[in-house]
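In case you want the letters, here they are:
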Amino acid sequence: MDLTLSPTEKAFRDEVRGWLADNSAGPEPGGDDDASFPWRRQWQERLAAGGWSGVNWPSEHGGRGATVTESAIFFEELARAGEPLPANVLGLLLAGPTIMTWGTPAQQQRYLAPILTAAEIWCQGFSEPDAGSDLAALKTRAVKEGDEWVISGQKVWTSAAQHSKWCMLLARSDPDARKHQGITYFLMDMEQDGVEIVPLRQITGEAHFNELFLDGARVPDENVLGGSGNGWKVAMTTLMNERSGLAFFHQVRMRQLLESLLEAASERERLGDPAVAQRLGELDARIELLRLTAYRGLTSLERNGQPGPESAVTKLMWSSTNQMLTQLAVDLLGPEALAAGNGWAYELLRARGNSIEGGTTEILKSIAAERVLGLPRAR
Amino acid sequence: MNFGLSDEQQEIKRTAHDLLEQRSGFGQVRAAAERGAYDPALWREMSELGWAGIAVEERFGGLGLGYVEAAVLVEEAGAALAGSPLLATLSAAAVLGAAGSEEQRAAWLPRLASGEATAALGFAAEGVAVPVPEAHEADLVVLVEDGRAALFVPAELIVAPFETIDPTRRYARVSVVPGSGEPLPGDPAPALDGAAVLLAAELLGVSDRALAMTVDYVKERRQFEIPIGAFQAVGHRCAEMLVATEGARSATYFAGWAADADPQQRARAAALAAATASDAAREVTAAAIQAHGGIGFTWEADVHWLYKRAQLGAALLGGSGRYRLTLASLLHPDLAAAA
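Remember, predicted model here, so these are calculated numbers, not experimental data. (Residues numbered from 1 in each chain as written. Chains lettered and ligands numbered in written order. Predicted model: local features only at pLDDT ≥ 70, side-chain atom pairs only at ≥ 80, totals over all residues. Heavy atoms only, no water.)

Let's talk about the interface of chain B and chain A
Accessible area lost on assembly of the parts is the figure often given for the size of an interface. At the interface, 48 residues of chain B touch 49 residues of chain A. Between chain B and chain A the total buried area reaches about 4,500 Å² when both faces are included, carbon and sulfur atoms providing 67% of it. Of all residues in chain B, M1(B), F3(B) and W257(B) give up the largest surface area on contact with chain A, accounting jointly for 18% of the area buried on that side. Between chain B and chain A we count five salt bridges in total. (Contact = heavy atoms within 4.5 Å. Buried area = accessible area lost by both parts, 1.4 Å probe. Salt bridge = Lys/Arg side-chain N within 4 Å of Asp/Glu carboxyl O.)

Some thoughts on the environment of D331(A)
Residues and elements named next belong to chain A. One can find D331 in helix 9 (residues 309-333). Among the residues examined, D331 registers a relative accessible area of 43% and is labelled partly exposed. Residues D331 and G272 lie 59 residues apart in sequence; the distance between their C-alpha atoms is 14 Å. (Helix = DSSP H or I, 4+ residues; strand = E, 2+ residues; numbered from the N terminus. Buried < 20%, exposed > 50% of the residue type's maximum accessible area, 1.4 Å probe, protein only.)

Let's talk about the pattern of salt bridges
Counted under the stated rule, the structure contains 48 salt bridges over all chains. For E240(B), the salt bridge is made with K365(A), and the minimal N-O distance between the two is 2.4 Å. Of this pair, E240(B) sits in helix 8 (residues 232-261) while K365(A) sits in helix 11 (residues 361-372), each in a different chain. Overall, E240(B) belongs to the partly exposed group, its relative accessible area being 40%. Its relative accessible area of 17% is what places K365(A) among the buried residues. Residue R105(B) pairs with E57(B) through a salt bridge whose shortest N-O separation is 3.7 Å. Note that R105(B) is positioned in helix 6 (residues 102-114) and E57(B) in the loop between helix 3 (40-48) and helix 4 (67-79), a separation of 48 residues in sequence. By relative accessible area, which is 17% here, R105(B) ends up buried. Of the residues examined, E57(B) reaches a relative accessible area of 35% and is grouped as partly exposed.

Topic: the nonpolar core
The nonpolar side chains of a soluble globular protein tend to be buried, and buried together. Within the largest apolar cluster, 178 residues are counted, with the highest numbers of intra-cluster contacts made by F74(A), L261(A), L280(A) and V142(B). If one sorts the elements of this core by residue count, helix 7 (residues 189-220) of chain B sits on top with 18 residues. With residues up to four places along the chain from it excluded, the contact list for L261(A) reads L280(A), L325(A), L328(A), A329(A), L332(A), L333(A) and W344(A). Counting 27 residues, the second largest nonpolar core, distinct from the first, contains W57(A), I99(A), V234(A) and A235(A). (Core = buried A, V, L, I, M, F, W, Y, C linked by side-chain atoms within 4.5 Å.)

Looking at the pairing of strand 4 (residues 166-172) of chain A
Residues and elements named next belong to chain A. Most of strand 4 is tucked away: seven of the seven residues are buried. Summarising the sheet, strand 4 and strand 5 (residues 183-189) pair through seven bridges and their orientation is antiparallel. Counterpart to C167 in the pairing with strand 5 is M188. (Pairing = 2+ DSSP bridges.)

Describing helix 4 of chain B
The end-to-end C-alpha distance of helix 4 of chain B is 18 Å, a good match for the 18 Å that 13 residues give at a rise of 1.5 Å each. With respect to burial, helix 4 of chain B is a largely interior element, 13 of its 13 residues being buried. (Expected span 1.5 Å × (residues − 1).)

Some remarks on the confidence of the model for chain B
Residue-level pLDDT values for chain B average 96, and 100% of them are 70 or greater. At the level of chain-chain contacts, confidence expressed as ipTM amounts to 0.86, with global pTM at 0.91. (pLDDT = per-residue confidence, 0-100.)

Quick notes on the sheet that holds strand 4 (residues 148-152) of chain B
All names here are of chain B. Pairing is mixed in the open sheet, where four strands are placed in the order 1-3-4-7. Across the chains shown, the open sheet's two edge strands, defined by having one partner strand only, are strand 1 (119-123) and strand 7 (182-183). One ladder, built from two bridges, connects strand 4 with strand 7; its direction is antiparallel. Looking at the pairing, L151 lines up with E182 of strand 7.

Thoughts on the environment of K365(A)
Each C-alpha atom, one on K365(A) and one on E9(A), is 33 Å from the other, the two residues being 356 residues apart in sequence. Other than its neighbours up to four places away in sequence, K365(A) contacts L316(A), H236(B), A239(B) and E240(B).

Description of the sheet that holds strand 6 (residues 171-176) of chain B
Residue and element names in this part refer to chain B. One open sheet holds the three strands; their spatial order is 2-6-5, and the pairing between them is antiparallel. Two strands close off the open sheet at either side, each with one partner strand: strand 2 (128-133) and strand 5 (157-161). In this sheet, adjacent strand axes meet at a mean angle of 25° when their direction is disregarded. Two strands pair when backbone bridges link them, and strand 5 and strand 6 are joined in this way by five bridges, in the antiparallel orientation. Residue pairing across strands places V159 opposite V174, the latter belonging to strand 6. (Axes fitted to C-alpha atoms, helices over the stretch in contact; angles between N-to-C directions.)

Focus: the packing of aromatic side chains
Residues and elements named next belong to chain A. Across all of its chains, the model carries 15 aromatic pairs over all chains by this definition. Grouped by ring-pair contacts, the aromatic residues F12, W19, W43, W52, F74 and F75 constitute a single cluster. Of note, K165 hangs over the ring of W166, and the distance from its end group to the ring centre comes to 5.4 Å. (Phe/Tyr/Trp six-rings, centres within 6.5 Å; stacked < 30°, edge-to-face > 60°. Lys NZ or Arg CZ within 6 Å of the ring centre and 35° of its normal.)

In C-alpha cells form, the structure reads like this:
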C-alpha cells in the first residue's frame, strides 16, 4: 500500500497544475445558463488546444491516454483550480467512450474528433416520463422506412439539449421483442424539424434540463450504434462507463464548499459551539472517506480491470454527504442562507437531486445488494 | 498510488483468516465465553506464527513489520472474536516500543514478541483504569495518564475482574499501588494513535463478520415463499451495512498506512479511523441482529457476540464524538477552541 503519488503521477499532476496556472476560463459570466454555456465551450476549446480534452481517451482517438489515476488527478486539479467542467462533458465521458467501444471505424472517424474540440455537443436521450429507474420500459418508437428510421416519442431530463448537435438516443425498434431486446441505440441529429426542445424547470428555479418531443425525427441507418436491436447492451456501456473523473471533481468541490462554509460561519462567530464542532467533524470525516474510497476504487480498477465494491458505494456516499453539508450550511448561517438568490440556498435545493440523478439511491442500494453482496433479485 | 494490500499483506491476512476459521468458530467462542477463559493453545499458535511480535523490531525478536500488518491480523481476529491477548499485547508493545527506554524495551519486547509474556494497555485517571482488556493475566501493564505512560508488573497493581456484556474478552479494573510503576521516558502519543488504529481494525473485522453472517442468513431464510433477502427493505439494509463497512475499511487502512509512513497525517487519520469504525461497528452489528429477526435476539444465534464486542470497542475508543472533535479542531482554528 502506498498512498503517495508515484513519480509519474506527480509529474502528471505538476504538469496539469502548471497548465491550469497559466490558463483559466476566467470568471463565470453572470445570468442564466445561456451565458454560462458558451463560456464553458470556449474553455473546452482552450483545454483541447492544450491537449487536455479527453485526458482518459486513448491517444489513437485524440486523447491523452491517461491512466484512471491520472484521469482522477486531472479532474481533482480542475476543481481545485476553480475551473469549470468542459461544456461537452457528456460527449467526453459518455458518447465518446461508447462510440469507441461500439462504433464502426467510419463512425469513430466522423464523431470523435468534434467531441474533443466541443465543435459538436452531445446530449443523452434515455429517460422518459414512464421510464426512469426502469429504463427498459422506454416507449419512444423507431420505425424503419427505407434506409432511415423515423423516431417518435418523448424524452426527459436531457441536459444541454438546446446546445446539442447530437443525441445518444434509445428507442424501441421492435415492439414485439422482449423488453430489453427490442431497443436500438441511435446517434440522432438534434438540428431537425422533428425534434422539439422544451425547457424543464427544476426546484432551484432554473431550467438546465429539457424535455424532447420527437415527432417524425429521422436517423439514417448508418447512425445505428452497435447494431439494430442491440441498444440495451450499448446503453450499459454508456451507463457504466468510468465516471470516476466526475466523482473526483465533485469531491473536491464538496471540500471547497466545506471550506467556504467554515469561513462564512467563522465570520458570523458560529464556530464556538461544541455541537457545531461535532457536526463539522462528521462532515470532514465523510468527505475524506469519500475521497479515500474513490481512490481505493481506482486501485481495484487498475488491478482487476473492473470496479470493486467501492464503486457501488461512492455515489451513495457522495449524495448523502452533500445533502448533509448543504443542510448544515443553512443551520449554521440561518435564514439569510434561504434568501432568494443566495448561493447556499441554491446548493441546498440542488442537492435534493443528487440522490435521484445518475441512479437513485434506492436503485443503487439494490445494485449493491444484488451485484456486490449476491442477494436475490429485489422485490 | 496503490491503495491495496501488498501480496505479503494479503498472505498474512489469508493465513490468519484460515487459521481462525478453524480454531475460533462460534462454538469455540461460545465455549470460551461460558468458561471464562481462553484456549491457551490458540495463543501458542499465534505466537509460533510470529503474530505477537509482528510490529516489534527484529533486533528484539519481532518481525519488524508495521501497523498495516498488525491491523490485518487484528481485523481477522476481530472477525473471529478470537479469544486471545493479541490486541492488548500488540497495543502495549507499540507504546513500549515508541516511548520506552532502551533498557525497558530490551527487558520486555523480546518476551512479548515470542508470546512468552503478554501485556495490556489501559487509560487511567487518578491511578484507576477501567475497563482494561486482558489485564488480569498480563505480565506487563502499560497505563497512560495525562499523556504519559508507565509500566507496571502485577505486584504493583490491584486487578479486579470487570464483568461486561462482552464475555468473549476478559476486562479488568486496574488500580495502581501508590508510588509504584516505571515511567516511560518518551512520548506515547504516536503509539496511542497506532493503538486506536488497531482497535478500529478489530471493529472493522467485527463489522465485516456481521455483514457476512447477515448476507448468508437472508439468502437462506424464507418467508412468504421467497428468501427474505429478496425484499427490498432487507436488501437495502444490507447495502447500507456495506457502505458503513467499506467506509470503515477505507479509513482504517489509510490510518494504518499513515501510522507507518506519514507522520503528518497520522493523528488525523487515526481519529478518522476511530470515529468511522466505532460508528460502523455499532450500526452494522445492530442491523445484523435486526436482519436475523427473532432469532437475532437469541443467545444461541451468536449474532449478539459481535454487537457486544462492537459496543465495548467503541467505548474503549472513548466514543466517536471525541474523534469528530479532534477532526474539527484540525479544520479551522476557531474550532480548536470548541473541541
